Amino acid sequence: MNKASLIIAASLLASRVLGVLREMLLAKIAGVNEQKNALDLAFMIPDILNHLIGTGFLSIVFISLFTTHLLKNNEDEGWRSFSNIFNVLGLFLLILAVPAFIFMRELILLLTAAPPSEAILAMATHFGRIILPAQLFFFAGSFLIAAQQARKQFFIPSLTGIIYNASIVGCGWAFKENGVAGFAWGVPIGAFIGFFVLQIIGSYRGKVKYFPVFNPINQEFIKTIKLLLPMVLGAGSMFALEFVIRSFGSMFGDFGISSLNYSYRLMYTLVAVFGFSVGVAKYPDMVRMFKENRTTELNEKVWGDLAKIFAILVPAICALTAISLPAVRILFERGAFTQENSILVNNLLLFYLPASVGLCFQALLIRAFYSMEKMWLPTIINTLTFAFSLFLYAPMAKIMGIYSVPIVSFACSLAQLFILLTFWGGKGCKPYIRDFAVASIALAVFSYLGLYSAIFFYDWLLNANLPYLLVYSAVFSCLFFVFPIFLQALLGSKSSSYIIFLLKKKILRR
């Protein structure tokens, strides 16, 4: 990882730690009761609105357009284009937000596979209306973040998740006597501070320029819409998995959505730290390589980064497999969250963990396609695969129950990955074939050993006190993180050797 990747990875890790702290507090206050299910369900409509306006993709599109202006030494024109896109799409978001606020209840009913209880529906509608205004700040912040990242300024944008989650935790704790309502109010407050106020400061320091222009027929705006359209119409991996949890989780009673969400959030920590951080940091460089016709170098870079992601992800998966039960108990088992809840969330987490490989690879690979302005190809692949998987959840639920959700999700992410790799092609992968093979061996060996140790100590872990759980988790996470890395290095993995070299260098520097 380079400096930018490390900054983003560190901020994402801090953000995920706060996110886990948020889930810990929610577990203590609500456990897996109706309020927690309602809060998870309340994010459905705001997230869909966020997706429809392309908030999560704005940085991808803008960086590509802005880089073109920079290469032509025409920066001011880039900022005019930035301002116009912001103004036109911002108005469109406001137009969509009003009916979403009014018809929140009807939209939730429309998009859930099994109608939630009346109590959950009423609370989800109320919480959804509290959360919805945050999308305005997410939208504005995404533009400001994109403008800073285009100039390779990552530090202030990297603070958004930290402040956002800290706000939710703070409001949740301050108003814990009111159940989960404080967590809902923390969303727009955190979005306003982290995504809007802070990014205005960062944009000012980064000399971002704004012009009061409004021209929906501008050629660059039309090009932006053409680039955004496939991503908006498609279903990204993260959006798809969260939609599935909220839509199909209600099939498994009042505990379904919450239990799936707790386990998914733990798994996604790996994706954020080891996949998303690299994808975000490497994207500006990939765009520049494509604009400068250095496609051979781009291919080699993508395969090299994928190999490094896999090399470091393998030990993380093995470690979490070994300590999943004590981790869930340490993090969540208190207050309203019972031992039975820990058992279910632990089991779901073990089924979710394999999906982290596909999701981490996609975080970089999809951006590689985007850097070449191939927006439709990954969108069509992911959306069709996801659409096909929707027909599997209900029949699989009759066989596997709630475990059908992570199982089908894993299969879907793996299918998406293999198809994407097929279309990307093998140019540049030859130097890294050994690294992928060695990492796969390490994953098979140590994930099996981690699972075996978890089963062997299961009864003891289920009844051990907190100090023993902490000691067990510290020892086994270190063992199952260190040994897979060194096994890869011993078997000739250049990616693993490079990671060890970087770690040793940083330790010696300290």
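Numbering of residues starts from 1 in each chain and follows the order in which that chain's sequence is written. Per-residue local features are limited, in this predicted model, to residues with pLDDT of at least 70; the limit for side-chain atom pairs, both in listing and counting, is 80 or more; totals at the level of whole chains, interfaces and linings are taken over all residues. Side-chain descriptors were evaluated using all non-hydrogen atoms of the structure, hydrogens and water having been removed beforehand.

(A) The overall build of the protein, seen in detail. Within the protein, the secondary structure is distributed over 23 helices and zero strands. C-alpha atoms define the radius of gyration, and 2.2 Å times the number of residues to the power 0.38 defines the globule rule. Relative to the compact-globule value of 24 Å for 510 residues, the protein shows a C-alpha radius of gyration of 22 Å, a close match. Its C-alpha atoms put the protein at 65 × 60 × 45 Å along the principal axes. Accessibility here uses a 1.4 Å probe with only protein chains present; expressed as a share of the type maximum, an area under 20% marks a residue as buried, one over 50% as exposed, and anything in between as partly exposed. Sorting the 510 residues of the protein into buried and exposed places 57% on the buried side. Only heavy atoms matter for contacts: two residues are in contact if any of them lie within 4.5 Å across the pair. In the protein, the proportion of contacts linking residues at least 24 apart, taken out of those at least 6 apart, comes to 85%. Counting from the N terminus, the helices are DSSP H or I runs at least four residues long and the strands are E runs at least two residues long.

(B) Inspection of the side chain of Arg 265 at higher detail. Along the polypeptide, Arg 265 turns up in helix α13 (residues 256-291). Whenever a nitrogen or oxygen atom comes within 3.5 Å of another N or O atom, the pair is scored as a polar contact, on the condition that within protein one atom can donate a hydrogen and the other can accept it, and that pairs from neighbouring residues in sequence are kept only if both atoms are in side chains. Side-chain polar atoms of Arg 265 contact the side chain of Glu 242, separated by 3.1 Å.

(C) Just the pattern of salt bridges, in detail. Salt bridge, as used here, is a side-chain nitrogen of Lys or Arg placed within 4 Å of a carboxyl oxygen of Asp or Glu. Evaluated as defined, the whole model comprises 13 salt bridges. The closest approach of N and O atoms between Glu 242 and Arg 265, which form a salt bridge, is 3.1 Å. Residue Glu 242 is located in helix α12 (residues 237-248), and its partner Arg 265 is located in helix α13; the two are separated by 23 residues in the primary sequence. The two residues Glu 242 and Arg 265 agree in class, both being buried.

(D) Focus on the packing of aromatic side chains. A pair of aromatic rings is counted whenever rings of Phe, Tyr or Trp (Trp by its six-membered ring) have centres within 6.5 Å, and the orientation is called stacked for planes under 30 degrees apart, edge-to-face for over 60 and tilted otherwise. Scanning all chains against the criterion turns up 34 aromatic pairs. Both rings, one in Tyr 164 and one in Phe 195, keep their centres 6.1 Å apart while their planes meet at 85°; by these two values the pair is edge-to-face. Linking Tyr 164 in helix α9 (residues 160-174) with Phe 195 in helix α10 (residues 181-205), this pair joins segments that are 31 residues apart in sequence. Among the residues examined, Tyr 164 registers a relative accessible area of 14% and is labelled buried. Between Tyr 262 and Phe 332, the ring centres sit 5.0 Å apart and the planes meet at 45°, which makes this aromatic pair tilted. Here the residue Tyr 262 occupies a position in helix α13, and Phe 332 occupies one in helix α15 (residues 324-332), the gap between them amounting to 70 residues. The two residues Tyr 262 and Phe 332 agree in class, both being buried. Of the aromatic side chains, those joined through ring pairs into one cluster are Phe 446, Tyr 452, Phe 456, Phe 457, Trp 460, Tyr 468, Tyr 472, Phe 476 and Phe 480. Only when the NZ of Lys or the CZ of Arg is both within 6 Å of the ring centre and within 35 degrees of the ring normal is a charge said to sit over the ring. Lying over the aromatic face of Phe 101, Arg 129 brings its terminal NZ or CZ to 5.6 Å of the ring centre. One residue, Lys 176, lies across the ring of Trp 173, its end atom 3.9 Å from the ring centre.

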